[in-house]
Amino acid sequence: MSIKVPYEVKRNVLLNPGPATTTDTVKFAQIVPDICPREQEFGSLMKGLREDLVKIVHGDLKKYTSVLFCGSGTVNIDVCLNSLLPADKKILVVNNGSYSARAVEVCEYYGLPHIDLRFPADQRPDLQIVEKTLRENPDIALVHTTHNETGSGILNPIGEIGALAHKYNAVFTVDTTSTYAMRPIDIEKENIDFCMASAQKGLMAFTGLSFVVGRTSIIEESANYPKRSYYCNLFLQYDYFERTGEMHFTPPVQTIYATIQAIKEYWAEGEQAKWERHTRVFNAIHEGLDEIGFRDIIKREEQAGLVVSVMYPDDPAWDFEKVHDYCYQRGFTIYPGKISTLNTFRLCALGAIDEEDIRAFYVVFKDALKHLNVAVPVQYNE
Ligand SMILES: *Cc1c(COP(=O)(O)O)cnc(C)c1O
């Protein structure tokens, strides 16, 4: 069924790290006849959706499954950590940024035994230290990290961390929320047991649907692990789906319709072509920053290709809020930074946008700098 677009919706270019700019066909895919999600018709839609979510990361459907949750992306972190830890075992969080710090907070809130292994936000984790920690703590049963640290834009070496986790018999969970369906991922080759994302990021649909993709055998094993949450338990949700074809509690019905359309558009564009488009956008972001003299935080070769963290210039006329407002009024959204020790803002390459949108953005952005009397090229004191 092709989606009718009855009128064009004002198009905003979102350069924040999700929700992302969507196509009008995905927007209007939400407009459907009212349906009770307990109907078989809806159940069969979810079955296909669950399989597609596994296929996007090249998972073998005999070994991997996906489990849907109603919520934003953080629900996945909550679910994986609280559900996949056996009694009397420990979690190791390899933490070099704000999203892994969020995982540490989840451990704290549930009172889960954990090690918060911290590395500087502008550096990749030191694998020797990760290995030493695993060797010295044989009770670590779960290793968690973030693929693209959305706070900084750094790409973490998940294949290597996963290999270490497996060497020491731990399950490896990765927050791939800001790479899934953008940067190609092969779940098995990259040693991932569980990865996760939300419909409003790489898939370019809407908030409300999040999902964990992972090893069916490990989910089944976790049936006997301590139950620490009623709503956010991975096994309970999986088991209910398998037995009934439904979500345990009410699913985000309209977001699911939009996500199914978004996945159609994902297959039509193609994994490689989509990644190339995001790369064009990312390169155009860098070209514009270079031209104006802005500095970024993470070494270019260590960036995941989707988020650029930019240093505020040392110019008293610079005012992020004012630049933001100027751009926002003209249809472009820029986003504050998330590195606690530095003043930064972010420009992201997510969503249904291409390089000409970035060029159009820089026309407005440069106008904003001129309007505020910020010197160009921008100045740094050292
Ligand atoms: C967006 C994002 C999340 C989810 O954040 P929500 O605010 O709950 O949507 C989790 N992890 C990463 C790496 C993200 O980029």
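Fair warning: this is a prediction, and the values are worked out from it, not measured in the lab. (Residues numbered from 1 in each chain as written. Predicted model: local features only at pLDDT ≥ 70, side-chain atom pairs only at ≥ 80, totals over all residues. Heavy atoms only, no water.)

Things to note about the domain arrangement of the protein
Inference 1: When its domains are assigned, the protein resolves into domain 1 (33-267) and domain 2 (271-371).
Inference 2: On a C-alpha basis, the centres of domain 1 and domain 2 stand 28 Å from each other.
Inference 3: With 26 residues of domain 1 at the contact, the number on the domain 2 side is 21 residues.
Inference 4: Taken together, the two surfaces of domain 1 and domain 2 that pack against each other cover about 2000 Å², and 59% of this comes from carbon and sulfur.
Inference 5: The interface formed by domain 1 and domain 2 contains zero salt bridges.
Inference 6: Applying the counting rule to domain 1 against domain 2 returns nine residue pairs in polar contact (both at pLDDT 80 or more). (Domains from an automatic or database assignment. Contact = heavy atoms within 4.5 Å. Buried area = accessible area lost by both parts, 1.4 Å probe. Salt bridge = Lys/Arg side-chain N within 4 Å of Asp/Glu carboxyl O. Polar contact = N/O pair within 3.5 Å; in protein donor to acceptor, adjacent residues only side chain to side chain.)

So, the sheet that holds strand 11 (residues 307-311)
Inference 1: Strand order in the open sheet made by the three strands is 11-14-13, with antiparallel pairing throughout. A single partner strand is all that each edge strand has here, and the edge strands are strand 11 and strand 13 (335-336).
Inference 2: Relative to strand 14 (residues 344-348), strand 13 runs antiparallel, the two sharing two bridges. Residue pairing in the sheet places Pro336 in a bridge with Phe345 of strand 14.
Inference 3: Running over the sheet, helix 10 (residues 271-292) touches strand 11 and strand 14 and is turned about 15 degrees from strand 11. (Pairing = 2+ DSSP bridges. Helix = DSSP H or I, 4+ residues; strand = E, 2+ residues; numbered from the N terminus. Axes fitted to C-alpha atoms, helices over the stretch in contact; angles between N-to-C directions.)

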